[in-house]
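# Descriptive analysis of the structure
Given next are the chains, with one letter for each unit.
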Amino acid sequence: MAVNLKPFMNARLVERTDFSAERAKFVFEPERPVQFKPGQYVTLGVLNGDGIIQRAYSIASSPHEPRLELFIELVKHGELTPRLFDLKDGDSVLMRERLVGAFVLDPAGPRRRLLIATGTGIAPFVSMARWKHEELRHGRDDGDEFLVLHGGSRAPDLGNYCDELAVLAKGGWLHYVPTVSRPWEDGNWTGETGRVEDTIRKHADNYGYHAGNSVAYLCGNPDMIEYAKPLLKRARFPKERVKEEKYFTTTGTTED
Ligand SMILES: Cc1cc2nc3c(=O)[nH]c(=O)nc-3n(C[C@H](O)[C@H](O)[C@H](O)COP(=O)(O)OP(=O)(O)OC[C@H]3O[C@@H](n4cnc5c(N)ncnc54)[C@H](O)[C@@H]3O)c2cc1C
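Let me sum up the structure you'll find in this document. These figures come from a predicted structure and were not determined experimentally.

## Some remarks on the overall build of the protein chain
Each helix and strand in the protein chain was counted, giving five helices and twelve strands. Taken against the 2.2 N^0.38 rule, which gives 18 Å for 256 residues, the C-alpha radius of gyration of the protein chain at 18 Å falls within 12% of a compact globule. Principal axes of the C-alpha set define a box for the protein chain whose edges measure 55 × 45 × 30 Å. Taking all contacts inside the protein chain whose residues are at least 6 apart in sequence as the whole, residues at least 24 apart take part in 72%. Carbon together with sulfur atoms contributes 48% to the accessible area of the protein chain, which is approximately 12,700 Å² in total. Here the protein chain holds 35 positive side-chain charges and 37 negative ones, and the gap between their average locations is 4 Å.

## Regarding the pairing of strand β7 (residues 112-118)
A large share of β7 lies buried, amounting to six of its seven residues. Looking at chain direction, β7 and strand β8 (residues 145-152) are connected through seven bridges and run parallel. Residue pairing across strands places R112 opposite E145, the latter belonging to β8. Chirality of the crossover, the property in question, places the unit of β7, helix α2 (residues 123-137) and β8 among those that are right-handed.

## A closer look at α2
In this model, α2 (15 residues) spans 21 Å end to end at C-alpha, consistent with the 21 Å of a helix rising 1.5 Å per residue. All buried positions along α2 are accounted for by A123, P124, F125, V126, S127, M128, A129, R130, K132, E134 and E135. Looking at the residues trailing α2, positive phi occurs at G139, about 80°.

## Observations regarding the pattern of salt bridges
Scanning the entire structure with this criterion turns up 28 salt bridges. Put simply, E29 and R67 hold a salt bridge, and the shortest N to O gap is 3.3 Å. One end of the pair, E29, is in strand β2 (residues 23-30); the other, R67, is in the loop between β4 (51-58) and β5 (68-73), and 38 residues separate them in sequence. Judged by relative accessible area, which is 30%, E29 ranks as partly exposed. A relative accessible area of 36% means that R67 is categorised as partly exposed. Across the salt bridge formed by K202 and E192, the nearest N and O atoms sit 2.8 Å from each other. Here the residue K202 occupies a position in helix α4 (residues 200-207), and E192 occupies one in strand β10 (residues 192-193), the gap between them amounting to ten residues. Here E192 falls in the buried class, since its relative accessible area comes to 17%. Each of R111, R113, K132, D141, D142 and D144 takes part in salt bridges that share partners, so that together they form one network.

## What to know about the nonpolar core
Within the largest apolar cluster, 28 residues are counted, with the highest numbers of intra-cluster contacts made by I122, F125, F146, L165, L174 and Y217. For this core, the elements supplying multiple residues, two or more each, are β7, α2, β8, α3 (161-168), β9 (174-180) and β11 (214-220). Considering every element that reaches this core, the biggest residue donor is α2, with five residues. Apart from residues lying up to four places away in sequence, Y217 is in contact with F103, V104, L105, D106, R113, L114, L115, I116, F125, M128 and K243.

## Some points on α3
Among the residues of α3, those classed as buried are Y161, C162, L165 and L168. Along the axis of α3, the buried positions cluster into a sector of 130°, meaning they face one direction only. Turned more than 90 degrees away from the buried face of α3, the exposed residues are D163 and V167. Against β2, β5, α2 and β9 lie the buried residues of α3.

## Quick word on the layout of surface pockets
Of the voids in this model, the second largest pocket is the one considered here, and its volume is about 150 Å³. If you go around the second largest pocket, the residues you meet are K37, P38, V104, L105, P107, R111, R113, W131, D142 and D144. The class makeup of the residues in the lining of the second largest pocket is five nonpolar, no polar and five charged.

## A closer look at the environment of V93
When you line up the elements, V93 lands in strand β6 (residues 92-96). Separated by 49 residues in the primary sequence, V93 and L44 have C-alpha atoms spaced 6.8 Å apart. Dropping the residues within four chain positions of it, V93 is found in contact with M9, N10, A11, F28, L44, G45, V46, L84 and L87.

About the cut-offs
Residues numbered from 1 in each chain as written. Predicted model: local features only at pLDDT ≥ 70, side-chain atom pairs only at ≥ 80, totals over all residues. Heavy atoms only, no water. Helix = DSSP H or I, 4+ residues; strand = E, 2+ residues; numbered from the N terminus. Rg over C-alpha atoms; globule rule 2.2 N^0.38 Å. Contact = heavy atoms within 4.5 Å. Areas by Shrake-Rupley, 256 points an atom, 1.4 Å probe, with all protein chains shown as cover. Lys, Arg positive; Asp, Glu negative; His and termini not counted. Charge placed at Lys NZ, Arg CZ, Asp CG, Glu CD. Buried < 20%, exposed > 50% of the residue type's maximum accessible area, 1.4 Å probe, protein only. Pairing = 2+ DSSP bridges. Right-handed = clockwise from strand over helix to strand, strands pointing away. Expected span 1.5 Å × (residues − 1). Salt bridge = Lys/Arg side-chain N within 4 Å of Asp/Glu carboxyl O. Core = buried A, V, L, I, M, F, W, Y, C linked by side-chain atoms within 4.5 Å. Arc of directions from axis to C-beta. 1 Å grid on protein atoms, 1.4 Å probe; cavity = no way out; pocket = protein on both sides within 12 Å on 5 of 7 lines; lining within 4 Å. Points joined across faces, edges and corners; volume = space filled by probe spheres on them. Nonpolar A, V, L, I, M, F, W, Y, C, P; charged D, E, K, R; others polar.

Here's what the structure looks like:
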């Protein structure tokens with residue numbers, strides 16, 4: 001059976017930064033301009049015999065940027081990521097034309113956003129923060145405030161977003177707290193330590209993010225999300241104010 005390439009276009013890799021052997025930033029130039037909202041994802045694919053291996057990736061760039069930035073973790077036994085990590089500048093992959101996803105900022109909800117990520121799960125929050133920064137630059141302020149909690153085992157798991165978010169934090173509308181759970185493997189680490197889910201109460205209380213004024217977004221590792229949900233429930237966050245984007249399941253990928 002012929003492969004249906006109609007929903008796809010090509011996207012060329014124009015920049016790549018490796019933070020470790022297993023985490024890298026990929027910047028793609030789509031064949032045609034794309035439209036999306038901060039928090040949405042793109043589906044990348046590669047031909048494989050008479051099929052396409054395709055997986056979802058949250059977009060780290062903001063809609064005003066012409067290129068798509070992704071933050072990807074290598075799953076050594078995975079089908080797609082080893083192929084992506086073999087890509088070099090100038091190589092192309094397939095990209096679904098439609099960029100989709102419901103993990104977006106709800107304009108009707110509370111103005112405080114408690115954004116909690118593991119590793120590459122920071123991508124949608126980077127997009128939201130860049131978008132908000134751009135809005136402010138154009139004099140548009142909807143009053144949104146972000147508290148971003150970002151966890152990894154070691155500093156390279158966080159990519160290079162620490163520096164960028166720390167700069168944006170100077171604007172006062174964003175707080176960023178990176179944490180590593182294996183500080184003994186990171187001699188230079190001076191920040192927060194522990195798993196991100198174990199730091200939620202402390203930092204939410206510290207910055208005044210609570211059920212009365214906030215909506216929580218959980219992104220990345222499903223174990224973190226499953227741990228954080230009851231914690232937020234105990235803090236009286238109603239179900240509809242806890243949004244989640246699980247990157248995989250323990251029984252198979254959650255890609256559509
Ligand atoms: C909406 C959405 C957005 C996503 N955004 C990103 C993103 O921004 N960056 C990113 O790196 N990934 C993201 N993912 C995950 C991505 O779609 C793939 O699942 C992942 O890259 C693995 O693909 P693979 O083909 O290499 O592995 P697969 O062949 O799909 O998986 C092999 C096995 O590994 C497990 N697995 C998959 N991912 C991981 C992991 N990270 N750690 C441990 N085990 C895993 C699977 O459950 C499966 O059992 C997202 C997923 C969804 C649903």
